[in-house]
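Residue-level listing of the chains:
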Amino acid sequence: MKRKILLASILLFALSLLFSEQLVRVGVYENSPKIYTDENGVPSGFWIDLIEYIATQENWTLQYVHGSWNHCIEWLENSEIDILPDVALTSEREKRLTFSEEPVLLSWSGVYINKDTKLKSLLDLEGKRVGGLIRSSNFEDKNGFEDILKSYAIKSELVEYNSYDEVFMALKKKQIFAGITNKDYGLMNERRYRVKSTPIVFSPSTLMFAFPQSGVMTPLLKKRIDYHVITLRKDLKSIYYKSLDKYMGSITPERRIPKWIYSLLILVLALVLFIFMLDRYLKAQIRSKVLLLEKQYTKQLETENELIEYSRRWQTTFDAMSDSVVLLDPDSNIIQVNKATTELFGYTSDRLLGKKCFEIVHGLNGPFENCPNLRMQKSLKKETMEFKFGDKWYLVSVTPILDSESKLTGAVHVMSDITAVKENEIMLSEKTNFLNTIIENAAVSMWISDEKGYAVSTNQACLKLFGASEEEVIGKYTIFNDNIIKEKGLMPLVEDVFNNGVIADFEMDYDFKAVDHVTVQNATHKYIRSIITPVINKEGFVTNAIIQTVDLTDIKLAEIQLEKHGERLEELVKERTKELETKNTELERFNKLFVGREFRIKELKDRVAALEGRVKG
């Protein structure tokens, strides 16, 4: 056991010796004030301060490798350096490089021109020379300035330079009409090169540490740098904020207080004692202003941190939405999409950005007549439509984004899959149409009421039976106000249908002309049988009733006629019976006479025969 502990201790000691002498190669290029070499050729800037602090904490030995931006990127891809600071995170670079998890700075890019040059819009760059940093995300990458010009069909000559210094120098010498750079370099150097910024800003980006994907030390470097960035950002007195204030707290050099002023103040204070009290007062005022500026700066940094976190959360939420969500500018150009959109259309976000919404969704060169986006631009209200895309149905909604003056600044285009709902609607519509066809063509009179007893639908057999039209009864006749049903004492049966869901079945002599709450010109008088069937929903409530009516008038008349014929037949039977009884009496009397006569004839014959026998004898 002791031997194992000893071996483990020796191994840990050896590993500590190994990492204590770790050599880390760091790429350096010119992008003042964030990273650059000073007049003595020494690497300087915010990123240098940050990596040197981390190296001290981790016992790393830093070896700086200086070159152009293009060289640094190539070295990093080939694992010839281990770290490259100040790299904007893009989807294309993530395929070739490894980035730290924690963002370090937020940045964006802008267009700069000469002091005596005018630039009102991007259209003014048509046919002009525009300079930018070779292989930079704001110039050549997807969504960079080159893509922006293409999306507006602007043809400019793009000129590549190895550093932003070369870009501004070319701009100063009027070798190019406009130059592209990031916000920090531009603000720090615009006065030095006598150039000015324009309102055109684009390409917001997150600046990170980048590492070679196949680098042996990449996992360790990434983990430790992320740890220190998180720790430093939490401490407002850390090297992170001190260096940020040192290099970018006062953006332009002329805003810094020159050192000779401080020397002059010390000399004046030493020679002129009578202004001592005034000096104290001024210091108090300065201290108050400094404290105020520190608070404002601290609040600005906290706001920046919150914006970074908010941006990350917003993107996570945006991509987590199951519906396709697209952000449009006022000209219907796609400026942002979520993950569901790329999956729906089968394109990467880079291929979708800058396109018109009607190009992607409908494959058209212009908006179609009923386009909800076109309607929204006129109404400045949410517009919707349903359409079939492939084998699915979608509900498209376009909601305007308005500024404080109610001017359109963009729109949110959402596509929600409603295939299941649409199929149910179609199925329900088909069933409803089928049912309506059956009801309409049924020979039996049928009408449907709502839960209050009002007629809401009827078939032709019903209208014909009662001699009414739809205009006379639909929405007007209600069974609960039928005075005929009330007079005949049948209303409790009707109420039982709606209150308890019980089927009612009754017959009555029904004169529709006598119903006092509707006016029917050709109303009929019939003897009918009505069957009222309740329609009950899932909650157990009666929502409708189906009333089927059978015309019993002919049957009733036949029964009356049959009853009359029966009575007449009984009379005839009685008369015939009486006649038969009379005839039977006469027949019996005749029969008696006839039988007696037969007996007398026979007796006479016998006596004649006896006499004849005597004569012969």
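Residues numbered from 1 in each chain as written. Predicted model: local features only at pLDDT ≥ 70, side-chain atom pairs only at ≥ 80, totals over all residues. Heavy atoms only, no water.

## Focus on the packing of helix α2 (residues 46-58) against helix α8 (residues 218-234)
Packed helices, taken two at a time, are described by the angle their axes make and the gap between the axes.
Stage number 1. The N-to-C vectors of α2 and α8 enclose an angle of 110°; their axes lie 11 Å apart at closest approach. When the axes of α2 and α8 are compared, the pair comes out roughly perpendicular. The handedness of the crossing between α2 and α8 is right-handed. Judged by residue contacts, Leu50, Ile51, Tyr53, Ile54, Gln57 and Glu58 of α2 engage Arg224, Ile225, His228 and Leu232 from α8.
Stage number 2. Here the contact of α2 with α8 is built from residues that sort into six nonpolar, two polar and two charged. (Axes fitted to C-alpha atoms, helices over the stretch in contact; angles between N-to-C directions. Helix = DSSP H or I, 4+ residues; strand = E, 2+ residues; numbered from the N terminus. Parallel < 35°, antiparallel > 145°, perpendicular 65-115°, else oblique. Left-handed = near helix turned anticlockwise from the far one by under 90°. Contact = heavy atoms within 4.5 Å. Nonpolar A, V, L, I, M, F, W, Y, C, P; charged D, E, K, R; others polar.)

## A closer look at helix α15 (residues 372-379)
Stage number 1. Listed in full, the buried residues belonging to α15 are Pro372, Asn373 and Met376. Considered in projection along α15, the buried side chains sweep an arc of 100° and stay on one side of the axis.
Stage number 2. Buried-residue contacts for α15 involve β12 (324-328), α14 (357-362), β14 (383-389), β15 (392-402) and β16 (408-417).
Stage number 3. Of the residues trailing α15, leucine 380 is marked for its positive phi of about 55°. (Buried < 20%, exposed > 50% of the residue type's maximum accessible area, 1.4 Å probe, protein only. Arc of directions from axis to C-beta.)

## Focus: the confidence of the model for the protein chain
Stage number 1. On average, residues of the protein chain carry a pLDDT of 81, and 82% of them reach 70 or more.
Stage number 2. Across the protein chain, strand β1 (residues 23-28) holds the top mean pLDDT of 95, while helix α1 (residues 2-20) sits lowest at 43.
Stage number 3. Below a pLDDT of 50 lies the segment residues 250-262, which in the model reaches 11 contacts outside its immediate sequence neighbourhood of four places, other chains included. (pLDDT = per-residue confidence, 0-100.)

## Let's talk about the sheet that holds β14
Stage number 1. In space, the five strands of this open sheet follow the order β13-β12-β16-β15-β14, with antiparallel pairing throughout. At either end of the open sheet lies a strand with only one pairing partner, and these are β13 (334-337) and β14. Strand-to-strand twist across the sheet, computed as the mean angle between neighbouring axes with direction ignored, equals 25°.
Stage number 2. Pairing of β12 with β16, which is carried by five bridges, proceeds in the antiparallel orientation. (Pairing = 2+ DSSP bridges.)

## Side note on the pairing of strand β11 (residues 195-212)
Stage number 1. The pairing of strand β5 (residues 84-88) with β11 spans three bridges and is antiparallel. Paired with leucine 84 across the strands is alanine 210, a residue of β11.
Stage number 2. The pairing of strand β6 (residues 97-99) with β11 spans three bridges and is antiparallel. Residue phenylalanine 99 lies in a different strand from β11, and its bridge partner there is alanine 210.

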